[in-house]
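Close look at the chain arrangement
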There are 4 protein chains.
Amino acid sequence: MNSSNPPASERRRRTQRPDGPSRRATLYDIIFEADTPAGWWFDIGLLVAILLSVAIVAIETVPEFGYDTPYEAYFWGIELFLTFLFTVEYILRLACVRSPMRYAFSFWGIIDLLSILPTFATVFVGSGKMHSFAMLRSVRLLRVFRVLKLWRMMNDADELSDAIWKARNKIVVFLAVIMVAITISGTLMYYIENVLPNIVHDVRFGGLKPDDQPERPESRFTSIPQSMYWATVTMTTVGYGDITPQTGTGKLLSTILILLGYSLIIVPSGFVTAELTSRGASEHEAPCHRCEAGSQRVDAVYCYRCGHRLEHE
Amino acid sequence: MNSSNPPASERRRRTQRPDGPSRRATLYDIIFEADTPAGWWFDIGLLVAILLSVAIVAIETVPEFGYDTPYEAYFWGIELFLTFLFTVEYILRLACVRSPMRYAFSFWGIIDLLSILPTFATVFVGSGKMHSFAMLRSVRLLRVFRVLKLWRMMNDADELSDAIWKARNKIVVFLAVIMVAITISGTLMYYIENVLPNIVHDVRFGGLKPDDQPERPESRFTSIPQSMYWATVTMTTVGYGDITPQTGTGKLLSTILILLGYSLIIVPSGFVTAELTSRGASEHEAPCHRCEAGSQRVDAVYCYRCGHRLEHE
Amino acid sequence: MNSSNPPASERRRRTQRPDGPSRRATLYDIIFEADTPAGWWFDIGLLVAILLSVAIVAIETVPEFGYDTPYEAYFWGIELFLTFLFTVEYILRLACVRSPMRYAFSFWGIIDLLSILPTFATVFVGSGKMHSFAMLRSVRLLRVFRVLKLWRMMNDADELSDAIWKARNKIVVFLAVIMVAITISGTLMYYIENVLPNIVHDVRFGGLKPDDQPERPESRFTSIPQSMYWATVTMTTVGYGDITPQTGTGKLLSTILILLGYSLIIVPSGFVTAELTSRGASEHEAPCHRCEAGSQRVDAVYCYRCGHRLEHE
Amino acid sequence: MNSSNPPASERRRRTQRPDGPSRRATLYDIIFEADTPAGWWFDIGLLVAILLSVAIVAIETVPEFGYDTPYEAYFWGIELFLTFLFTVEYILRLACVRSPMRYAFSFWGIIDLLSILPTFATVFVGSGKMHSFAMLRSVRLLRVFRVLKLWRMMNDADELSDAIWKARNKIVVFLAVIMVAITISGTLMYYIENVLPNIVHDVRFGGLKPDDQPERPESRFTSIPQSMYWATVTMTTVGYGDITPQTGTGKLLSTILILLGYSLIIVPSGFVTAELTSRGASEHEAPCHRCEAGSQRVDAVYCYRCGHRLEHE
């Protein structure tokens with residue numbers, strides 16, 4: 001991680017932290033950073049509040065604890081209190097940055113706003129109509145996106161998102177290959193499980209009147225999109241089993257598809273691993289000043305090639 | 001990627017691009033290349049047309065949108081229009097290459113032809129009989145293979161297919177090992193779930209008349225091919241669950257098979273990853289200035305091919 | 001593994017092995033170490049006893065062999081005998097270490113005690129009431145934790161736990177990412193499979209009396225926690241199939257989620273592999289003769305720690 | 001692959017190939033080696049014969065093609081012919097090696113014998129009783145083990161089995177860790193899905209007469225071995241779905257188990273990949289004679305470090 005490409009948190013600090021030792025700068029350090037005790041406790045409190053509010057959204061949908069039960073009032077109370085806290089947090093964030101407008105329209109500013117709006121919507125539109133229209137209830141579900149605020153706390157996630165970002169071209173190619181494979185194998189399975197038996201049926205009984213014809217054979221591969229859903233579920237080895245081949249030919253083809261798909265799908269894993277391995281190998285480099293040999297060990301004192309004493313900055 | 005083994009697109013350009021700045025050469029650049037604005041827009045248009053036509057093939061098979069519904073005419077209209085576009089594209093491709101015959105019988109020439117033929121077949125054989133014979137409808141499904149034309153657009157796919165190609169021997173060995181494992185474990189499970197209970201049955205009730213014998217125990221492992229289908233689905237961790245062991249011994253054996261199979265199946269992933277890692281480790285270095293050999297070691301001082309002293313910037 | 005960070009077994013030996021050649025020191029070597037013949041046989045005997053006792057706990061729960069069958073007495077007899085052996089082992093361990101209190105409250109001391117307590121509890125509280133209260137039976141199940149004693153025997157497990165330990169931050173970040181993904185995709189699926197059809201229902205039939213309204217559509221995504229359970233089962237490619245999307249939109253979304261999830265979930269595998277690969281690359285070299293620093297580069301000429309010229313054989 | 005540890009085929013040639021240019025030596029080269037045209041065609045013929053005989057064993061178990069159908073005689077005829085060929089092959093192998101006894105008791109000698117014995121057993125014991133006793137039919141299934149003869153043809157399998165062999169300690173540790181995890185999670189799930197509801201039941205209704213007590217809640221986790229089967233199927237991400245948690249607590253625990261198990265199970269994949277990556281990195285080494293720099297490229301002409309011209313043998 002060289003200095004010409006600082007992490008996002010560093011870039012934000014440079015442009016948004018108020019200059020000098022003021023009250024706003026202190027507030028900024030508490031709210032946006034985690035390297036002071038107050039900032040650390042603020043983060044812990046925020047983490048608990050987010051998890052609690054997400055848990056409430058989830059539990060409210062369980063029939064035993066949800067709407068029209070005695071628990072509803074308690075959950076609603078906690079929810080209002082948490083929304084109050086998140087509103088205060090949002091206002092404080094706007095108050096302590098150099099450019100509130102810029103923050104409000106940044107990714108985190110929008111996430112922060114979205115995490116309080118659904119509760120206000122429910123409050124102001126009125127809970128009286130809430131029971132007759134499921135639409136408003138579903139707005140409440142949006143509160144679950146508060147979980148996105150957790151991302152801010154994951155410092156190590158930089159490396160993860162960095163690796164995914166570097167492998168993005170390969171992941172896109174991989175997804176395209178998988179989609180071509182899914183489309184073709186889905187169509188083939190639709191043909192084998194559905195069209196082929198129908199052709200046999202038409203050839204044998206096509207001359208009879210519709211009423212005299214026996215029932216057409218049934219299949220779970222009712223359409224190509226359905227078959228593509230099956231192909232996705234199969235090639236990624238999820239394998240729900242809600243749609244499975246019934247004919248012998250279909251089983252044979254799906255056996256071949258599974259093996260081919262398995263051989264194919266291990267490749268992108270390899271790409272990402274290779275990317276990460278080469279990162280790991282090259283992230284400790286500090287070349288020797290005398291012989292310019294790179295790839296020195298992190299804890300090296302002397303150059304492995306010429307024995308020169310390494311000077312670490 | 002050294003100069004003695006250029007990518008397929010480069011080889012095609014050398015043999016098929018018309019010489020000099022002519023109208024045909026400009027057309028060639030638009031249709032076959034993507035490095036001019038016009039060529040880029042042509043590719044985007046082709047991409048949209050392919051995805052649209054594949055989507056139509058898929059959606060037509062959904063009963064709510066398919067044949068004998070009001071939507072049929074719209075889809076058929078779009079389909080005819082797209083086929084017209086693909087026909088024009090095919091003719092232009094033939095017109096702008098140096099050797100049309102060579103293109104027509106190349107892989108992409110055949111794919112391009114196959115992507116328009118099914119529609120013409122449906123048009124000329126007549127849609128009157130189309131409703132009584134499912135055979136012709138299924139010819140329409142072939143249009144889904146137009147998705148293969150997408151491959152042309154994936155420049156990064158070279159590396160993917162390269163990695164798979166280099167690992168082909170290992171993948172074949174892996175598939176052979178898996179097939180031996182599938183055959184043996186499928187036979188064992190057939191024996192345990194089917195033959196073994198039948199032997200017990202014969203020993204206990206074999207002396208009685210057929211009518212006095214109790215029902216034979218049933219099993220979903222009805223034959224060895226069926227058991228091999230189960231073994232494939234299990235060892236690749238797809239696990240549909242349409243066939244599962246019923247007896248205790250069968251469950252014990254399948255537990256052992258799953259663990260052994262899992263230990264076995266992680267090996268080829270490792271092969272591909274190792275292949276890609278060694279590629280990745282050697283792909284970042286600047287080529288030699290004298291002989292232009294790439295893939296130098298990171299810490300190389302002299303070129304491995306011509307012995308020239310490398311100059312790192 | 002440099003000398004400043006010895007493995008746990010080495011650290012325990014330094015602090016707990018009695019000094020000099022005494023009877024207690026010999027006993028310590030037999031019980032805690034495996035590098036003498038007697039110590040090796042002790043380990044084998046312990047291994048057999050642990051596996052046998054765990055197998056009995058498991059088999060006792062099978063209705064054909066369990067409680068209220070003729071086998072119960074045999075199993076209980078073996079169990080009492082094994083508990084006697086483990087009790088003797090526990091007392092000997094306490095007797096031969098330098099500080100019995102320290103051992104008793106160490107991780108292994110607690111495991112050793114927990115592996116004998118449940119049997120004593122069953123014996124002393126009395127088996128008379130054991131048949132009427134399942135509570136006591138379930139205490140017996142705790143004996144299965146004796147399997148944890150196996151860990152002591154796995155010397156190679158050091159490397160495994162070391163790799164997991166080094167990758168702990170990445171695994172935590174990965175689990176957090178997965179949890180965010182599970183929460184959001186679970187909520188989305190709950191909305192699509194459950195709320196969306198209900199909104200359509202309310203809009204179309206909301207004006208009618210409750211009795212005149214048709215049945216609401218049913219879904220297996222009965223709540224957000226249920227949907228999150230589905231999302232976990234799906235994103236990890238387990239795919240039970242007990243909960244599957246029924247609507248077309250749900251199938252489309254779950255197809256997208258599966259592919260995105262698959263792209264996401266291959267990343268942590270890469271992290272661990274990269275960690276292990278960088279370990280593996282540096283573990284084959286001979287240590288420096290002067291300072292005994294290991295993990296030299298394959299092509300090192302000078303020791304990275306002391307600058308001594310390495311002599312390769 | 002240095003000369004001090006030759007592959008198995010090389011070792012066999014040294015000890016078993018007859019000396020000098022005799023008829024037996026020529027026969028040996030045809031039967032055991034694949035580097036002469038005759039030897040290559042012999043291998044192809046053997047491959048076809050093995051696959052055909054294995055396919056017949058499998059197809060015979062399909063009710064439509066199996067015993068008591070018109071096809072039986074054809075299959076039996078092919079089977080007798082193939083057994084005749086394998087018998088001739090076995091006799092020729094014994095005839096052309098230096099020490100027939102040593103071959104007969106080697107791994108391949110036993111496999112060769114086992115691949116003809118089942119057919120002879122069926123012929124000599126008599127097919128009259130074959131229909132009444134399934135026991136003899138199942139002996140026929142043993143013929144499927146002929147598939148093991150395929151292994152002989154996989155030259156690249158050396159590397160695969162080598163990698164598995166080198167990673168054997170880690171695979172054993174991994175299997176032990178998985179087994180400990182399976183035992184503990186299986187027991188926990190048995191407790192949560194089965195014992196816990198029963199305890200609640202006993203506490204609430206234990207005072208009533210047996211007839212007045214409501215039905216005990218049912219669970220698919222009927223015993224600990226059954227739960228361990230579930231845990232295996234779940235942790236390896238096979239996920240049949242024949243046994244799934246029914247209670248909320250069970251679903252919560254299995255969600256946690258799946259995530260923990262997934263974090264755990266990616267580690268051994270990493271081990272094998274790391275092993276293979278380090279193999280790949282070191283298998284091309286041919287150190288420079290002047291500066292002794294190793295890890296040269298396979299196609300290197302000059303040393304990357306000192307520019308010395310490399311001399312390949």
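Residues numbered from 1 in each chain as written. Chains lettered and ligands numbered in written order. Predicted model: local features only at pLDDT ≥ 70, side-chain atom pairs only at ≥ 80, totals over all residues. Heavy atoms only, no water.

An unreviewed UniProt entry lists chain A under the name Cyclic nucleotide-gated potassium channel, from Stieleria marina. Taken verbatim from the UniProt record of chain A, the Subcellular location (unreviewed entry) comment is "Membrane". (UniProt positions renumbered as here; feature names shortened; annotations may be inferred.)

Describing the overall build of chain A
Across its full length, chain A carries twelve helices and zero strands. In chain A, the order of α-helices and β-strands from amino to carboxyl end is α-α-α-α-α-α-α-α-α-α-α-α. Among the 313 residues that make up chain A, the fraction classed as buried is 48%. In chain A, the share of contacts with a sequence separation of at least 24, taken over all contacts with a separation of at least 6, comes to 57%. When the accessible surface of chain A is split by element, carbon and sulfur atoms take 64% of a total near 15700 Å². (Helix = DSSP H or I, 4+ residues; strand = E, 2+ residues; numbered from the N terminus. Buried < 20%, exposed > 50% of the residue type's maximum accessible area, 1.4 Å probe, protein only. Contact = heavy atoms within 4.5 Å. Areas by Shrake-Rupley, 256 points an atom, 1.4 Å probe, with all protein chains shown as cover.)

Thoughts on the packing of helix α2 (residues 23-32) of chain B against helix α4 (residues 71-96) of chain B
Residue and element names in this part refer to chain B. Following both chains from N to C, one finds α2 and α4 inclined at 130 degrees, their axes separated by 9 Å at the closest point. The angle between α2 and α4 falls in the class oblique. Crossing of α2 over α4 shows left-handed handedness. From α2, R24, L27, Y28, I31 and F32 reach across to α4, where they touch L92, R93, A95 and C96. Here the residues of the contact of α2 with α4 sort into seven nonpolar, no polar and two charged. (Axes fitted to C-alpha atoms, helices over the stretch in contact; angles between N-to-C directions. Parallel < 35°, antiparallel > 145°, perpendicular 65-115°, else oblique. Left-handed = near helix turned anticlockwise from the far one by under 90°. Nonpolar A, V, L, I, M, F, W, Y, C, P; charged D, E, K, R; others polar.)

Points about the side chain of T244(D)
Within the fold, T244(D) resides in the loop between α11 (224-235) and α12 (248-282). Excluding residues that lie within four positions of it along the chain, T244(D) makes contacts with Y229(C), Y240(C), D242(C), R220(D), F221(D) and W230(D).

Thoughts on the environment of R220(A)
All names here are of chain A. Structurally, R220 is set in the loop between α10 (168-205) and α11 (224-235). Separated by 43 residues in sequence, R220 and S263 have C-alpha atoms that sit 26 Å apart. Setting aside chain neighbours within four positions, we find R220 in contact with Q226, G241, D242, I243, T244 and Q246. Only 3.0 Å separates the side chain of R220 from the backbone oxygen of D242, close enough to count as a polar contact. (Polar contact = N/O pair within 3.5 Å; in protein donor to acceptor, adjacent residues only side chain to side chain.)

Things to note about α11(A)
Residue and element names in this part refer to chain A. If you check α11, its first and last C-alpha atoms are 16 Å apart, about what twelve residues at 1.5 Å a residue would give, namely 16 Å. Among the twelve residues that make up α11, ten are buried, leaving the element largely enclosed by the rest of the structure. For α11, every residue scored as buried is listed here: I224, Q226, S227, Y229, W230, A231, T232, V233, T234 and M235. The first or second residue beyond α11 is T237, which carries a positive phi of 60 degrees. (Expected span 1.5 Å × (residues − 1).)

Structural notes on unusual backbone geometry
One non-glycine residue, T237(C), adopts positive backbone phi at about 60 degrees. Positionally, T237(C) belongs in the loop between α11 (224-235) and α12 (248-281).

Digging into the UniProt feature "transmembrane region" (unreviewed entry) in chain A
Residue and element names in this part refer to chain A. Sequence positions flagged by UniProt for "transmembrane region" (unreviewed entry) are, in local numbering, residues 40-61, 73-92, 104-126, 171-192 and 252-274. Note that residues 40-61 is 95% helix and 0% strand, and that its end C-alpha atoms are spaced 33 Å apart. Taken end to end, residues 73-92 comprises 100% helix and 0% strand; its first and last C-alpha atoms sit 29 Å apart.

Looking at the environment of Q246(D)
Residue and element names in this part refer to chain D. For Q246, the location among the structural elements is in the loop between α11 and α12. With 26 residues separating them along the chain, Q246 and R220 place their C-alpha atoms 8.5 Å apart. Those residues in contact with Q246 that lie beyond four places of it in its chain are E193, R220 and K251. Among the polar contacts listed, one links the side chain of Q246 to the backbone oxygen of T244, at a separation of 3.0 Å.

A few points about the packing of aromatic side chains
Per the counting criterion, the structure on display carries 20 aromatic pairs over all chains. A centroid spacing of 4.7 Å and a plane angle of 25 degrees characterise the contact between Y28(A) and F32(A), whose relative ring orientation is stacked. Remark: F32(A) and Y28(A) occur in helix α2 (residues 23-32); sequence separation between them is four residues, near one turn of the helix. Comparing Y28(A) with F32(A), the two get one shared label, buried. Pairwise contacts between aromatic rings join Y28(A), F32(A) and Y103(A) into one cluster. Seen from the ring of F32(D), R93(D) lies directly overhead, with NZ or CZ sitting 4.9 Å from the centre. (Phe/Tyr/Trp six-rings, centres within 6.5 Å; stacked < 30°, edge-to-face > 60°. Lys NZ or Arg CZ within 6 Å of the ring centre and 35° of its normal.)

Digging into the pattern of salt bridges
Taken as a whole and assessed by the stated rule, the structure comprises twelve salt bridges over all chains. Residues D29(C) and R17(C) are paired through a salt bridge, measuring 2.9 Å at the closest nitrogen-oxygen approach. Of this pair, D29(C) sits in helix α2 (residues 23-32) while R17(C) sits in the loop between α1 (8-16) and α2, and the two are twelve residues apart along the sequence. Overlapping salt bridges bring together E89(A), R93(A) and D112(A) as one network. (Salt bridge = Lys/Arg side-chain N within 4 Å of Asp/Glu carboxyl O.)

A word on the side chain of T255(D)
Among the structural elements, T255(D) can be located in helix α12. With relative accessibility at 15%, the residue T255(D) sits in the buried group.

Remarks on the environment of S53(B)
Residues and elements named next belong to chain B. Mapped onto the elements of the fold, S53 is located in helix α3 (residues 37-60). For the pair S53 and R17, spaced 36 residues apart in sequence, the C-alpha separation works out to 29 Å. Filtering out sequence-adjacent residues up to four positions away, S53 remains in contact with E79, L82, F86 and R146.

Some points on a nonpolar patch on the surface
Residue and element names in this part refer to chain A. Side chains of L80, I110, L113, L114, L117, F120, V123 and F124 sit close together on the surface and give an oily, nonpolar patch of about 700 Å² of accessible area. Put simply, the parts of the chain that give the nonpolar patch at least two residues each are α6 (107-114) and α7 (117-125). Examining the composition of the nonpolar patch, we find that four residues originate from one element, α7, more than from any other. Note that V123 resides in helix α7. Residue classification places V123 among the partly exposed residues on the basis of a relative accessible area of 39%. (Patch = residues over 30% accessible without salt bridge, like charges linked within 9 Å, V, L, I, M, F, W, Y side chains within 5 Å.)

Section: the confidence of the model for chain A
As a general rule, the predicted coordinates of low-pLDDT regions are not to be interpreted in detail. Residue and element names in this part refer to chain A. Counting all residues, the mean pLDDT for chain A is 76, and 71% of those residues have values of 70 or more. By mean pLDDT, the top-scoring element of chain A is α11 (91), and the lowest-scoring one is helix α8 (residues 134-141) (60). In the model, residues 128-134 has pLDDT below 50 throughout and makes 13 contacts with residues more than four positions away in sequence or in other chains. Long-range and interchain partners of residues 281-285, a stretch whose pLDDT sits below 50, account for five contacts in this model, where long-range means more than four residues apart. Taken together, the chains of this predicted complex give a pTM of 0.81 and an interface ipTM of 0.78. (pLDDT = per-residue confidence, 0-100.)

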